[in-house]
Amino acid sequence: MDETRSTAVNLPLSPRILIVGNAGQLGRELERIFTGVGPIVAVDRESVDLADADQTRALVRRAEPDLILNAAAYTAVDRAESEPELAHAINAHAPGVLAEEARQRNALIVHYSTDYVFDGSKLGPWVETDTPNPLNVYGASKLAGEQAVEKVGGKFLIFRTSWVYGPHGNNFLLTMLRLGRERDRLSIVDDQVGAPTTSIELARATHALVTGILAGSFGAPSDWCGLYHMTSAGSVSWFGFAQAIFARAAELLGVNAPQLTPISTSAYPTPAARPRNSVLSNAKLAERFDMQLSPWQAALEETLQILKARN
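Residues numbered from 1 in each chain as written. Predicted model: local features only at pLDDT ≥ 70, side-chain atom pairs only at ≥ 80, totals over all residues. Heavy atoms only, no water.

### Focus on the overall build of the protein chain
- Across its full length, the protein chain carries 11 helices and 12 strands.
- Scaling as 2.2 N^0.38, a compact globule of 311 residues should have a C-alpha radius of gyration of about 19 Å, and the protein chain matches this with 19 Å.
- Within the protein chain, the fraction of its 311 residues that count as buried is 55%.
- A separation of at least 24 residues holds for 82% of the contacts in the protein chain among residues at least 6 apart in sequence. (Helix = DSSP H or I, 4+ residues; strand = E, 2+ residues; numbered from the N terminus. Rg over C-alpha atoms; globule rule 2.2 N^0.38 Å. Buried < 20%, exposed > 50% of the residue type's maximum accessible area, 1.4 Å probe, protein only. Contact = heavy atoms within 4.5 Å.)

### Topic: the packing of helix α6 (residues 172–182) against helix α9 (residues 238–252)
- Orientation of α6 relative to α9, taken along the N-to-C sense of each, is 60°, at an axis distance of 10 Å. One finds that α6 runs oblique with respect to α9. As α6 runs across α9, the sense of the crossing is right-handed. Here F172, L173, M176, L177 and G180 of α6 come into contact with α9, specifically with W238, F241, A242, I245, F246 and A249. (Axes fitted to C-alpha atoms, helices over the stretch in contact; angles between N-to-C directions. Parallel < 35°, antiparallel > 145°, perpendicular 65-115°, else oblique. Left-handed = near helix turned anticlockwise from the far one by under 90°.)

### Focus on unusual backbone geometry
- Phi is positive for N106, which is not a glycine, with a value near 60°.
- Take N106: it is sitting in the loop between α4 (84–105) and β4 (108–114).
- Residues other than glycine seldom take positive phi values, yet W163 does so here, at roughly 45°.
- Among the secondary structure elements, W163 is positioned in the loop between β5 (155–161) and β6 (164–165).
- Residue classification places W163 among the buried positions, given a relative accessible area of 8%.

### Focus on the packing of aromatic side chains
- Overall, the coordinates contain 11 aromatic pairs when judged by the stated rule.
- Between F172 and W238 the ring centres are 4.7 Å apart and the planes differ by 40°, which places this aromatic pair in the tilted class. Linking F172 in helix α6 with W238 in helix α9, this pair joins segments that are 66 residues apart in sequence. Considered together, F172 and W238 belong to a single accessibility category, that of buried residues. (Phe/Tyr/Trp six-rings, centres within 6.5 Å; stacked < 30°, edge-to-face > 60°.)

### Remarks on the side chain of T198
- Looking at the secondary structure, you find T198 in strand β9 (residues 197–198).
- Owing to a relative accessible area of 0%, T198 belongs among the buried residues under this scheme.
- A distance of 3.0 Å separates a polar side-chain atom of T198 from the backbone nitrogen of E201.
- When near neighbours in sequence (up to four residues on either side) are disregarded, T198 contacts Y165, S232, A299 and T303. (Polar contact = N/O pair within 3.5 Å; in protein donor to acceptor, adjacent residues only side chain to side chain.)

### Quick look at the pattern of salt bridges
- Scanning the entire structure with this criterion turns up 15 salt bridges.
- Across the pair D66 and R16 runs a salt bridge, and its minimum N-O distance is 3.7 Å. Placement of the pair is D66 in the loop between α3 (53–63) and β3 (67–70) and R16 in the loop between α1 (2–5) and β1 (17–20), with a sequence separation of 50 residues.
- A residue is classified by how much of its surface remains accessible, and D66, at 12% relative accessible area, is buried.
- One salt bridge in this structure joins K122 and D130, with 2.6 Å as the shortest N-O distance.
- K122 sits in the partly exposed class, given a relative accessible area of 27%. (Salt bridge = Lys/Arg side-chain N within 4 Å of Asp/Glu carboxyl O.)

### Comments concerning helix α11 (residues 296–310)
- With 15 residues, α11 ought to run about 21 Å at 1.5 Å a step, and its terminal C-alpha atoms sit 21 Å apart, in line with that.
- Of the residues making up α11, those classed as buried are W296, A299, L300, T303, L304 and L307. Along α11, the residues classed as buried sweep out an arc of 135° about the axis, all on the same side.
- Against β6, α6, β9, α7 (199–214), β11 (236–237) and α9 lie the buried residues of α11. (Expected span 1.5 Å × (residues − 1). Arc of directions from axis to C-beta.)

### Here we look at the environment of R248
- Here R248 shows up in helix α9.
- Owing to a relative accessible area of 24%, R248 belongs among the partly exposed residues under this scheme.
- R248 sits 53 residues away from E301 along the chain, and the two C-alpha atoms are 7.7 Å apart.

So, in structure tokens, the structure goes:
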């Protein structure tokens, strides 16, 4: 592993790119922003069953990529409690297979993980060296995926992020906007804190880092391979996020601003437990790559402006 990671980057300036999970909110943005970087093969769950290791291997060997962007995941957090084997097959085993195939090809793999690897008990922001302790099956499966990619080695980047949303897909923002049209009152959890992060910002940051790596800006793989936290700057509770959404959506989109009531996690029981503190420190990302994502408020404004333009 150390020998491989200390070699030169050896990636073409116009790499063949495989995007796994392009129908999801992050995959869709990755496909958009990487268009023009190199030829792209993009697949979704209809094209390949990631729970099937043979299908996953065959996919990589057909695509012959120099760069793999793995945006695919089993993200049904509550349903994972009753489907642990499927969650682990997609979130843990598939990333390991992709990493193995990437290493055999001397390709770079970028994999995304989650704040849910932590139990939320820390008072301050979580750093990469903090000990994970997931509270639910989803978090455990994503942690196992991180570990699988790290174990394989080669050229890899793992980005832990949190509370992902955007103008497409199923996410908190779009759910709030829908409920705002349907209801006059909403109760929102106010004792879970994190950093809402847009799929747009994640794709943009990934593009900047990968193109920098291709250009040799960050040195040899031994200088940049590893695990990094990547979230929008700042933090807020779900309740505070909902307040911010409706404050602007009422003006920009004409969406009804329902009466919001803060509630505790215990008042809204779910099959899967959630961490109370999901705030991730981005200091390592800033120190190594001189990169910081926009504040969550600015990213929310950008996303709402996109939705306004779409109307």
